[in-house]
Amino acid sequence: EAKAEEPAVEAAAAQQPAAEEEETEEPINIEENAKVKAAVDYLREVIALMGVENVSFSAVQKGEATIIRLDGEKLGALIGRRGETLDAIQQLTNYAVNSGADKRIRVHVDAENYRAKREQSLESLARKVAGKVTKYRRSVTLEPMNAYERHVIHTALQEVPGVTTYSTGVDPNRRVIVAFDREKK
């Protein structure tokens, strides 16, 4: 009977990513959307002041979020250590665009597809740590992370048997603890 259940589990796991991808990306014409144009103009100014040149911009709408993508060479200065500079640029862009506005937009800034790559590496880290936690039956404390990165870890390990996650500490030093949980099967 256990073998009969395995395909159902695999089928459910195969369907899960499809549910997350329901939000499709709709391209945005930057010049025709005043808020997005204001965001891109602001970004151009900040990026120029940072000494980064030859950056191209594209924008898409994905659910509630407006994603502005930056492409070019040598964008590492915009990303920063573990994306901290990119997060700061994104926050400043949101303030600049939404300051005093009645209708707000949620701007996400991504450079060289950094956010997707970081998400994949965090999911990989989560699986690796979960393996160690179940093998050695000891908790592992991860490095400090921002709220979104902690969310990625929690989500990646949500369905893993024998492992539970929780956060501890105060920002900016808030960390995820991956703990052994013999009750969770």
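Everything numeric here is computed off the predicted structure, so don't read it as measured data.

Thresholds, definitions, all that
- Residues numbered from 1 in each chain as written.
- Predicted model: local features only at pLDDT ≥ 70, side-chain atom pairs only at ≥ 80, totals over all residues.
- Heavy atoms only, no water.
- Helix = DSSP H or I, 4+ residues; strand = E, 2+ residues; numbered from the N terminus.
- Expected span 1.5 Å × (residues − 1).
- Contact = heavy atoms within 4.5 Å.
- Polar contact = N/O pair within 3.5 Å; in protein donor to acceptor, adjacent residues only side chain to side chain.
- pLDDT = per-residue confidence, 0-100.
- Salt bridge = Lys/Arg side-chain N within 4 Å of Asp/Glu carboxyl O.
- Buried < 20%, exposed > 50% of the residue type's maximum accessible area, 1.4 Å probe, protein only.

K.L.:
Before we move on, can you summarise helix α2 (residues 34–49) with the specific residues and values?
P.N.:
Along its 16 residues, α2 runs 23 Å from first to last C-alpha, staying within 8% of the 22 Å computed at 1.5 Å per residue. The inward-facing, buried residues of α2 abut β1 (25–28), β2 (56–62), β3 (65–71), α3 (76–79), α4 (84–98) and β4 (106–111). One side-chain oxygen of the residue at the start of α2 lies 3.2 Å from the amide nitrogen of Lys35, identifying that residue as Asn33.

K.L.:
Talk me through the side chain of Asn98; I want residue IDs and the actual numbers.
P.N.:
Here Asn98 is to be found in helix α4. Only 2.7 Å separates the side chain of Asn98 from the backbone oxygen of Ile105, close enough to count as a polar contact. Filtering out sequence-adjacent residues up to four positions away, Asn98 remains in contact with Lys35, Lys103, Arg104 and Ile105.

K.L.:
Go over the confidence of the model for the protein chain, please, and point to the residues and values.
P.N.:
Predicted confidence across the protein chain gives a mean pLDDT of 86, with 87% of residues reaching 70 or more. With pLDDT under 50 throughout, residues 1–21 is counted as low confidence; its partners more than four residues away or in other chains account for zero contacts.

K.L.:
Mind laying out the pattern of salt bridges, listing which residues take part and the relevant values?
P.N.:
Scanning the entire structure with this criterion turns up nine salt bridges. For the salt bridge of Glu143 with Arg118, the shortest nitrogen-to-oxygen distance reads 3.5 Å. Linking Glu143 in strand β5 (residues 140–144) with Arg118 in helix α5 (residues 114–136), this pair joins segments that are 25 residues apart in sequence. Overall, Glu143 belongs to the partly exposed group, its relative accessible area being 28%. Classification of Arg118 as buried rests on a relative accessible area of 15%. Of the charged contacts, one joins Arg118 and Glu149 as a salt bridge, the two residues approaching to 2.8 Å between their closest N and O atoms. Of the two residues, Arg118 is situated in helix α5 and Glu149 in helix α6 (residues 147–157); the sequence distance between them amounts to 31 residues. Pair check on accessibility: Arg118 and Glu149 agree, each one buried.

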